[in-house]
Amino acid sequence: MNHLSLSELCCLFCCPPCPSKIASKLAFLPPDPTYTLICDESGSRWTLHLSERADWQYSAREKDAIECFMTRTSRGNRIACMFVRCSPNAKFTLLFSHGNAVDLGQMSSFYIGLGSRINCNVFSYDYSGYGASSGKPSEKNLYADVDAAWQALRTYGIRPENVIVYGQSIGTVPSVDLAARYESAAVVLHSPLTSGMRVAFPDTKKTYCFDAFPNIDKISKVTSPVLIIHGTEDEVIDFSHGLALYERCQRPVEPLWVEGAGHNDTGLPRH
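The structure reproduced in this document is the subject of the present report. None of the values given here were measured: they were computed from a predicted structure. (Residues numbered from 1 in each chain as written. Predicted model: local features only at pLDDT ≥ 70, side-chain atom pairs only at ≥ 80, totals over all residues. Heavy atoms only, no water.)

1. Regarding the overall build of the protein
This is how it is decided: Numbering of helices and strands runs from the N terminus, with a helix taken as a DSSP run of H or I at least four residues long and a strand as a DSSP run of E at least two residues long. Three labels apply to residues, based on accessible area from a 1.4 Å probe with only protein chains included: buried if under 20% of the type maximum, exposed if over 50%, partly exposed otherwise in between. It only takes one pair of heavy atoms within 4.5 Å for two residues to be counted as in contact. All accessible-area figures derive from a Shrake-Rupley calculation using a 1.4 Å probe, and residue coverage is judged against the displayed protein chains alone.
Helix and strand counts for the protein stand at 9 helices and 10 strands. Here the protein holds 271 residues, and the buried ones make up 54% of them. The long-range fraction of contacts in the protein, counting pairs at least 24 apart against all pairs at least 6 apart in sequence, stands at 67%. Entry remark: accessible area of the protein is about 12,200 Å², with carbon and sulfur atoms responsible for 51%.

2. Notes on the packing of helix 5 (residues 139–154) against helix 6 (residues 172–179)
What counts, and what does not: Between the N-to-C directions of two axes lies an angle of 0 to 180 degrees, each axis being a line fitted to C-alpha atoms and, for a helix, fitted only over the stretch in contact. Here a crossing is taken to be left-handed if its near helix is turned anticlockwise relative to the far helix by less than a right angle, and right-handed if that turn runs clockwise.
Relative orientation of the contacting elements helix 5 and helix 6 amounts to 65°, with a least axis distance of 9 Å. In this structure, the crossing between helix 5 and helix 6 has a hand that is right-handed. Between helix 5 and helix 6, the contacting residues are Leu142, Tyr143, Val146, Asp147 and Trp150 on the first element and Val173, Pro174, Asp177 and Leu178 on the second.

3. Structural notes on the environment of Glu67
Quick reminder of the rule: A 3.5 Å cut-off defines polar contacts: any pair of N or O atoms within that distance qualifies, except that in protein one atom must be a possible hydrogen donor and the other a possible acceptor, and neighbouring residues in sequence count only when both atoms are side-chain atoms.
Tracing the backbone through its elements, the reader meets Glu67 in strand 3 (residues 66–72). Note: C-alpha distance between Glu67 and Leu48 (19 residues apart in sequence) is 8.0 Å. In contact with Glu67, other than residues within four places in its own chain, are Cys81, Met82, Phe83, Arg85 and Tyr156. There is a polar contact of 2.9 Å between the side chain of Glu67 and the side chain of Tyr156.

4. Brief notes about the nonpolar core
The nonpolar side chains of a soluble globular protein tend to be buried with one another. Worth spelling out the cut-off: Residues enter a nonpolar core if they are buried and are Ala, Val, Leu, Ile, Met, Phe, Trp, Tyr or Cys, with the set joined through side-chain atoms within 4.5 Å.
Ranked by size, the top nonpolar core spans 41 residues in total, and within it Leu95, Phe123, Tyr125, Leu142 and Phe213 carry the most contacts. Of all the secondary structure elements, the ones that give two or more residues to this core are strand 4 (78–84), strand 6 (121–125), helix 5, strand 7 (163–168), helix 6, strand 8 (186–190) and strand 9 (226–231). It is helix 5 that provides the largest number of residues to this core, a total of 8 residues.

5. Here we look at the sheet that holds strand 10 (residues 256–258)
One key point about sheets: their strands pair by backbone hydrogen bonds, in either a parallel or an antiparallel sense. Our working rule: Following DSSP output, two strands are said to pair if at least two bridges run between them.
Pairing within the open sheet is mixed, and its 8 strands lie in the order 3-4-6-5-7-8-9-10. Because the sheet does not close on itself, it has two edges, and the strands there are strand 3 and strand 10. Each strand of the sheet is rotated relative to its neighbour by a mean of 15°, with strand direction disregarded. Examined bridge by bridge, strand 5 (residues 93–97) and strand 7 share 5 bridges and lie parallel to one another. For Phe96, the partnering residue across the bridge sits in strand 7 and is Tyr166. Packing of helix 6 onto the sheet brings it into contact with strand 5, strand 6, strand 7 and strand 8, and relative to strand 7 it is tilted by some 145°.

6. Topic: the state of the cysteines
How we decide: Cysteine sulfurs are considered disulfide-paired once they come within 2.5 Å of each other.
Applying the stated criterion across every chain yields a total of 0 disulfides. Free cysteine: Cys81, not disulfide-bonded; nearest cysteine sulfur from Cys68 at 8.9 Å.

7. A look at the side chain of Asn162
Along the chain, Asn162 falls in the loop between helix 5 and strand 7. Judged by relative accessible area, Asn162 falls into the buried class, the value being 14%. Excluding anything up to four places from it in sequence, Asn162 contacts Lys91, Phe92, Thr93 and Ala185.

8. Describing helix 4 (residues 104–118)
What counts here: Helix span is expected to be 1.5 Å times the residue number reduced by one. Values of bend correspond, residue by residue, to the angle between axes fitted over the seven residues ending at that residue and the seven starting there.
The terminal C-alpha atoms of helix 4 lie 20 Å apart, and with 15 residues this matches the ideal 21 Å at 1.5 Å per residue to within 8%. Of all the bends in helix 4, the greatest measures close to 30° and is centred on Phe110. Of all the 15 residues making up helix 4, 12 are buried; the element is thus mostly covered by neighbouring parts of the structure. Where helix 4 is concerned, the buried positions are Leu104, Gly105, Gln106, Met107, Ser108, Ser109, Phe110, Tyr111, Ile112, Gly113, Leu114 and Gly115.

9. A closer look at the pattern of salt bridges
The following threshold applies: For this analysis, a salt bridge means a side-chain nitrogen from Lys or Arg found within 4 Å of a carboxyl oxygen belonging to Asp or Glu.
With the rule as written, the count across this model stands at 6 salt bridges. Among the ionic pairs, Arg159 bridges to Glu161, the shortest N-O distance being 3.5 Å. Its relative accessible area of 43% is what places Glu161 among the partly exposed residues. For Lys218, the salt bridge goes to Asp177, with nearest N and O atoms at 2.7 Å. Of this pair, Lys218 sits in helix 8 (residues 215–218) while Asp177 sits in helix 6, placing them 41 residues apart in sequence. By the burial criterion, Lys218 is buried, and Asp177 matches it.

10. Quick word on the packing of aromatic side chains
Aromatic rings considered in pairs are described by the distance between their centres and by the relative angle of their planes. The following threshold applies: Ring geometry is summarised as follows: Phe, Tyr and Trp rings, the Trp one being its six-membered ring, pair when their centres sit within 6.5 Å, and such pairs are stacked at plane angles under 30 degrees, edge-to-face over 60 and tilted between the two.
This model, assessed by the stated rule, comprises 16 aromatic pairs. Judged by centre distance (4.9 Å) and plane angle (90°), the ring pair of Phe239 and Trp257 falls under edge-to-face. Taken as a pair, Phe239 in helix 9 (residues 239–248) and Trp257 in strand 10 lie far apart in primary sequence, 18 residues in all. Residue Trp257 is classed as partly exposed on the basis of its relative accessible area of 27%.

Geometry only, nothing functional implied.
Written as structure tokens, this is what we have:
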């Protein structure tokens, strides 16, 4: 998430507010792609090619455990998906919605490390306009993107009771939206935001019709157990956001408040 100047905020909110414009200005910073997906002649197999900027930390053998493909969303965009088989005995698969300013190439090494440590497979995807995904990032596209990823994950025969929905930073937005509509094994929200307006204007007490990313209004509809992780010194999304969401959870588990940690140094993946 990036901060706006006073003049930009005035321009944004003195004009008729548009949720998609608020969302794009507050949240979306797609990086230059760090990977490409190349399809073979049959049109059924995709090969992952990482650039140096992906910071790949493993050998080619680990890369063989990564399966990539493209799928289409209900809004017509083609999004890149990545299934990382970290453990042959994994009971659970993380459906991971990553943070801002990264793509699947940059996250691939982290997914292997995380999945191997906790004995889970990892399924992730790039939002519209990120990495190899087509279209432009927007709030509506986020929700269509996660729906397409959920359906693609189901084609592997993985049942909802074996899926852990994991969202980080801006990735908590599609994660909460999905979890409010589908039950899963659990939900993990890492550095979550309550809403776009509440990030830009911390004194905001209610959700306006033009507010973007209203996690605060959806979290109470989530019936799965929810773990919230938040640094107490988060300089991007204040710790109060994590607290407010925790208080509205139907089935909260003991939260992980990381004392003294900011947005990017909770010992978990980058923003």
